[in-house]
Amino acid sequence: SDNALEFADNARAFFGAGSDLQIYHNNHNFITSTNGDLLLQAPAGNWFYVKTDAGNDNSIIAKNNGAVELYHNNVKKFATSADGIAVTGAATISTNLTVTGDLTVSGTTTTINTQTLDVEDKNVVIGKVSSPSDTTADGGGWTLKGATDKTFNWVNATDAWTSSEHI
């Protein structure tokens, strides 16, 4: 004996009274549970890993009493924490997204591709900065795209709102 259990391809190891658990190899490696949950458990205080590339790349890390992390090409892309989740990189939502708390969008451009934008509040604030002034408001306003732009803007030099079209 070489101190190993060895099975030929397609041979199965069965466990349980009804052969509920099977481990086998058939061009791919399988652990199959036909009755009940399949529990993969790390000892208390240890983390659970799913690795690829001969164990060199992380795919999933489940930390003891903590975060779960998902990786793509050994780069963390999704992580849970006591505060919620963190996504690194782009996220695509293919159906509706409902945000029940506040939504903060950081960046230089926010694009909303929709026919109608409904705002239930009665007041829309634009040009919000930490120390607002007429100078920081200069040039702020609305632009409606058409054959030519239709604008409604604040002009600090004239201390007035101006419109490119008749009101």
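Since the structure is predicted, the reported quantities are computational estimates derived from the model, not experimental observations.

Criteria and thresholds
- Residues numbered from 1 in each chain as written.
- Predicted model: local features only at pLDDT ≥ 70, side-chain atom pairs only at ≥ 80, totals over all residues.
- Heavy atoms only, no water.
- Pairing = 2+ DSSP bridges.
- Helix = DSSP H or I, 4+ residues; strand = E, 2+ residues; numbered from the N terminus.
- Buried < 20%, exposed > 50% of the residue type's maximum accessible area, 1.4 Å probe, protein only.
- Axes fitted to C-alpha atoms, helices over the stretch in contact; angles between N-to-C directions.
- Polar contact = N/O pair within 3.5 Å; in protein donor to acceptor, adjacent residues only side chain to side chain.
- Salt bridge = Lys/Arg side-chain N within 4 Å of Asp/Glu carboxyl O.

1. Points about the pairing of strand β4 (residues 48-52)
With five bridges connecting them, β4 and strand β5 (residues 57-62) associate as antiparallel partners. Residue Tyr49 lies in a different strand from β5, and its bridge partner there is Ile61. Hairpin connection of β4 to β5: four residues between the antiparallel strands, including Asp53 at a positive phi of 55 degrees.

2. A word on the environment of Gly89
In this fold, Gly89 is placed in the loop between β8 (84-87) and α1 (134-137). Classification of Gly89 as exposed rests on a relative accessible area of 55%. Taking the C-alpha atoms as reference points, Gly89 and Phe78, separated by eleven residues in sequence, lie 9.0 Å from one another.

3. Observations concerning the sheet that holds strand β9 (residues 141-144)
Taken in spatial order, the three strands of this open sheet run β9-β10-β11, and their pairing is antiparallel. The open sheet has two free edges, formed respectively by β9 and β11 (160-163), since each of these has just one partner strand. On average, each strand axis in the sheet is inclined to that of its neighbour by 15 degrees, with strand direction left out of account. With four bridges joining them, β9 and strand β10 (residues 150-155) adopt antiparallel strand pairing. Along β10, the bridge assignment pairs Thr143 with Thr151.

4. A closer look at the side chain of Gln22
Here Gln22 is to be found in strand β2 (residues 21-25). Within the structure, the side chain of Gln22 is placed 2.5 Å from the side chain of Arg12, a separation counted as a polar contact.

5. Focus: the pattern of salt bridges
For the coordinates displayed, the defined rule picks out three salt bridges. Residue Glu69 is joined to Lys76 by a salt bridge in which the shortest nitrogen-to-oxygen separation is 3.4 Å. The class of Lys76 is partly exposed, set by a relative accessible area of 36%. Close ionic contact of Lys145 with Asp149 constitutes a salt bridge, the shortest N to O distance being 2.9 Å. Exposure remark for Lys145: the relative accessible area of 63% places this residue in the exposed category. One network of salt bridges, in which partners are shared, links Lys63, Glu69 and Lys76.

6. A word on the pairing of β10
With antiparallel pairing between neighbouring strands as the criterion, β9 and β10 make up a hairpin whose turn holds five residues. For β10 and β11, the ladder comprises four bridges, and the chain directions are antiparallel. Across the sheet, residue Phe152 finds its bridge partner in β11, namely Ser163. Between β10 and the antiparallel strand that follows it, β11, lie four residues; Asp159 among them carries a positive phi value of about 55 degrees.

7. Some words on the sheet that holds strand β1 (residues 12-15)
As summarised here, the arrangement of the three strands in space is β1-β2-β3, forming an open sheet in which the pairing is antiparallel. For this open sheet the edge positions go to β1 and β3 (29-33), each flanked by a neighbour on one side alone. Averaged over neighbouring strand pairs, the angle between their axes works out to 10 degrees when direction is ignored. Across four bridges, the pairing between β1 and β2 is antiparallel. Along β2, the bridge assignment pairs Phe14 with Gln22.

The values are spatial; any link to function lies outside them.
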